[in-house]
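Working through the structure, step by step
The residues making up each chain are set out below.
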Amino acid sequence: NLNLTPEESESYEMGIEQALFGKKIIFGVTHFNAHFNNLIDFVYGTGYVNLNKAKTSGIETNFKFKQGNMACKFGYTLLDTENKENGDELLKRAKNKANLEFNWNFSKCDLAFWLGYVGHRTDYKNKLLKSYTLANLSLNYKINPSHLYCQSCMD
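Scope of this entry: the structure provided in the associated data block. Within each chain, residue numbers correspond to sequence positions counted from 1 in written order. Reporting in this predicted model follows two pLDDT cut-offs: at least 70 for local features of residues, and 80 or more for side-chain atom pairs to be given and counted; totals over whole chains, interfaces and linings ignore these cut-offs and use all residues. The basis for the side-chain values is all heavy atoms of the structure; hydrogens and waters are excluded.

By the criteria applied, helices consist of DSSP H or I runs no shorter than four residues and strands consist of E runs no shorter than two, each listed in order from the N terminus. Within the chain one finds one helix and nine strands. Taken from N to C terminus, the helices and strands of the chain fall in the order β-β-β-β-β-β-β-β-β-α. Taken over the C-alpha trace, the chain has a radius of gyration of 20 Å; the compact-globule value for 155 residues is 15 Å, which it surpasses by more than 25%. Expressed as lengths along the three principal axes of its C-alpha atoms, the size of the chain is roughly 55 × 35 × 30 Å. The cut-offs for exposure are 20% and 50% of the maximum accessible area for each residue type, with area from a 1.4 Å probe on protein chains only; residues under the lower value are buried, those over the upper are exposed, and the others partly exposed. The buried share of the chain, reckoned over its 155 residues, is 26%. Accessible surface computed for the chain: about 10,900 Å², of which carbon and sulfur atoms make up 57%. Separation between the mean location of the 18 positive side-chain charges and that of the 16 negative ones in the chain comes to 8 Å. The size measure is the radius of gyration over C-alpha atoms, and the globule rule it meets is 2.2 Å times the number of residues to the 0.38 power. Per-residue and other accessible areas follow the Shrake-Rupley method at a 1.4 Å probe size, with only the shown protein chains counted as cover for residues. His is not counted, nor are the chain ends, whereas Lys and Arg count as positive and Asp and Glu as negative. To locate a charge, the coordinates of NZ of Lys, CZ of Arg, CG of Asp or CD of Glu are taken.

Structure follows, in structure tokens:
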């Protein structure tokens, strides 16, 4: 769409994170708020368009636990959105999301299990998109120990 103008936003976040028991347990909570001008969104039948004004706000929580070679993470997001032009929620944005991850690090391999949940959300013409859950299982084996990349090891 040649008529699109750049998106502008202003956002604020405020959070706290607390480590307990020598960093074996970490808990955090963050509140966020964003205001958009000219938010670029997709409208069926039209394509990409600018919404004059929109806002998002919500709370994210996280919990991390590490014991020996096992790490566990849990996260939850509660999201509120609004198209300021008509008062409707922004399309395709779930109010509730959660994820759970387990990682086991051994000398030559890493095993990870991830489970994610995305709540229902509204699509074009108020069509309700059902919630869904996605699971992933991965195993990484170190052929050359100096070339292993593991996202969970980086945290």
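Still to come is the rest of the account.
For the rest of this paragraph, the subject is the pattern of salt bridges. Put simply, a salt bridge is a Lys or Arg side-chain nitrogen that is within 4 Å of an Asp or Glu carboxyl oxygen. What the rule picks out here adds up to three salt bridges. We note a salt bridge from Asp80 to Lys95, for which the minimum N-O separation is 3.8 Å. With a gap of 15 residues between them, Asp80 in strand E4 (residues 70-83) and Lys95 in the loop between E4 and strand E5 (96-105) connect regions that are remote in the sequence. By relative accessible area, Asp80 is classed as partly exposed at 31%. Glu82 is the partner of Lys84 in a salt bridge, and the nearest nitrogen-oxygen pair spans 3.7 Å.

As far as function goes, none of this settles anything; it's purely spatial.
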